[in-house]
Amino acid sequence: MMINSILLVDDENLFHLVFEDACSLLDIALHLQAIDSADKADHLFREWSKDPTARPDCVFVDLNIVGSSFDGIELIRKINNEHGNGCVTGIISSSADKAEIAKAQSAGAQFWIVKSDEIEPRLEAFKSDYLGYKSKKGSFKVYA
Amino acid sequence: MIKLDPAARRALLDLSHKSRLYLEGNILKVIDPDGDEEFSQYLKDAIELDKSNRRKRLEVTKQIQSQNKDLTAAQEENSKLMGDLQRALTEAEAATRSAEQARNTAEGDLDLLQKRTQFQLVGTIVKVALWVIMGVGVTTTLLYSLALVKGLDTTLLGSTWSNMFSILLTNSFSIIGTIMGVKYATEKGE
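The rules behind each value
Residues numbered from 1 in each chain as written. Chains lettered and ligands numbered in written order. Predicted model: local features only at pLDDT ≥ 70, side-chain atom pairs only at ≥ 80, totals over all residues. Helix = DSSP H or I, 4+ residues; strand = E, 2+ residues; numbered from the N terminus. Expected span 1.5 Å × (residues − 1). Buried ≥ 20, exposed ≤ 12 C-beta atoms within 10 Å, placed from the backbone. Contact = placed C-beta atoms within 7 Å. Core = buried A, V, L, I, M, F, W, Y, C linked by C-beta atoms within 7 Å. Pairing = 2+ DSSP bridges. Right-handed = clockwise from strand over helix to strand, strands pointing away.

Participant: So what exactly am I meant to see when it comes to helix α2 (residues 37-150) of chain B here?
Facilitator: One turn of the α-helix equals 3.6 residues, which is why residues spaced by three or four share an orientation. Taking 1.5 Å of rise per residue, 114 residues should cover 170 Å, and α2(B) covers 166 Å from first to last C-alpha, within 8% of that figure. Burial analysis of α2(B) places just seven of its 114 residues in the buried class, which makes it a mostly uncovered element. For α2(B), every residue scored as buried is listed here: B:F39, B:Y42, B:A46, B:D50, B:R54, B:L58 and B:T61. Those residues of α2(B) hidden inside the fold are in contact with α1 (13-25) of chain A together with α1 (6-19) of chain B. One or two steps after α2(B), the chain reaches B:G151, where phi turns positive at roughly 70 degrees.

Printed below as a string of C-alpha cells:
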C-alpha cells in the first residue's frame, strides 16, 4: 500500500533528497513534503487543524532539529496531543539511544527508524508495517 | 488513478519518440493506461527512466552525505586539536614567563653575590691597608721616639717620620676616597 502523503521534518536538507528518492524508488508515498524546522511543522499543523485537506498521513521527525525551539519528541507530543492525533508519527534519527526511544514512545511515536547509509531496507520494512500503524493496532517498533 | 484522453496520450508518445522526453515523478504512478498497450509501455519506460535517475541521484546524495559526515568529523577533530594547541601555547607562555622570572631572580642573586664578594674583597684590602698604614706609622713613631729618648741625632729620622706620616695620611685618605667612590658608583648602578 502506498501512503498518500508524508511530511518529513529534518534540519539536514541533504537527507530530504535521500528520503525523497528512497520513498519514490520504494513506492512508499505519492507526495512528500520536507521541512527543516519543528516550529514550521507546528505552524503547518495549526493551519491543517482549520483545513485538514492537505494534512499528511504520516510524519517522520528527526530527533534533534537544529534551529528549532523544541526537539522531535516534543513535536510528536504536540501533534498527538494538541493537533488531533490524526496521522502516523515516528522518529527518524541517527541516534538509537534507548532512553530517547522510550521518551518518544511515551510521547506517542509509533516507530523509530535509525538513519544510516542503507535506509532503504528499513523504509521497506516500515512500509510493510504501515497499515498496522494507520489502524493504531501495530505496536511500537525500532527499525535499526 | 487518472485517465488521459487519446489525444493527450498521442502527444506524450510523439514527444517521447521525437525528443526522448518523458513524464517523470510520482504522477506516473497515478496514470491509468486505459488499455492502451503503447501508452502502457510508455508509462513503464517513463517509470524505469525516472527510477534510474533517482537511483543515480540517491547514490550521489549518499556520497555527499557521507563526505559531509567525514568533513564534520574532521572539523571537530581540527577544533579539538586547535584547542589542545591553544592550551599548550598558553602553558608554554606561562612556562616562559616563569623561566624568565627564575632567570631574573638568579641574575639578581648572582649580582648580589658578586657585589658581596667585591665588598668583602674591598673590606679585606682596606683592613690590610689600614694595618700596613698603622704598622708603618707605629714603627716609625717608635723609632723616632726611641731616638728622641736616647738623644740620638733625629735630623734625618724626624724629616723621614714627617714625610712618611704625611704620605701615609695622604694614602689613607686616598684609600678611603676610593672606597667611598666605589660604594657610591655601585649604589648608583643599582
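Participant: How should I be thinking about unusual backbone geometry in this particular structure?
Facilitator: Trans peptide bonds make up the majority, and among non-glycine residues the majority have a negative phi. Residue A:D27 is not a glycine yet carries a positive backbone phi of 55 degrees. Mapped onto the elements of the fold, A:D27 is located in the loop between α1 and β2 (29-35). For B:R20, which is not a glycine, the phi torsion comes out positive at approximately 55 degrees. You can see B:R20 is positioned in the loop between α1 and β2 (31-32).

Participant: Explain the nonpolar core to me, please; I cannot follow it from the model alone.
Facilitator: Taken as a class, soluble globular proteins show a tendency for nonpolar side chains to be buried jointly. Judged by nonpolar contacts, the single largest core of 41 residues is most densely connected at A:I6, A:V9, A:V59 and A:V61. When residues no more than four places from it in sequence are discounted, the contact partners of A:V9 are A:I35, A:A38, A:A41, A:V59, A:V61, A:D62, A:I65, A:G72 and A:L75.

Participant: Help me understand the pairing of strand β4 (residues 88-93) of chain A, please; the structure alone is not making it clear to me.
Facilitator: Residue and element names in this part refer to chain A. Among the six residues in β4, six count as buried, and that is most of the element. In β4, alternate side chains face the same way, and those of V88, G90 and I92 on one face and T89, I91 and S93 on the other are all buried. Summarising the sheet, strand β3 (residues 58-61) and β4 pair through four bridges and their orientation is parallel. Within β4, the residue paired with V61 across the bridge is I91.

Participant: Which parts of the structure should I look at to understand the pairing of β2(A)?
Facilitator: Put simply, side chains in a regular strand alternate between the two faces of the sheet. All names here are of chain A. With six bridges joining them, strand β1 (residues 3-9) and β2 adopt parallel strand pairing. Looking at the pairing, V9 lines up with I35 of β2. After leaving β1, the chain enters α1 and then returns to the sheet as β2, a path that is right-handed.

Participant: Explain the environment of A:A109 to me, please; I cannot follow it from the model alone.
Facilitator: Residues and elements named next belong to chain A. For A109, the position within the fold is in the loop between α4 (98-107) and β5 (111-114). Along the sequence, A109 and R77 sit 32 residues apart, while their C-alpha atoms lie 8.0 Å from each other. With near-sequence residues (within four places) excluded, A109 lies in contact with I76, T89, G90, I91 and A104.

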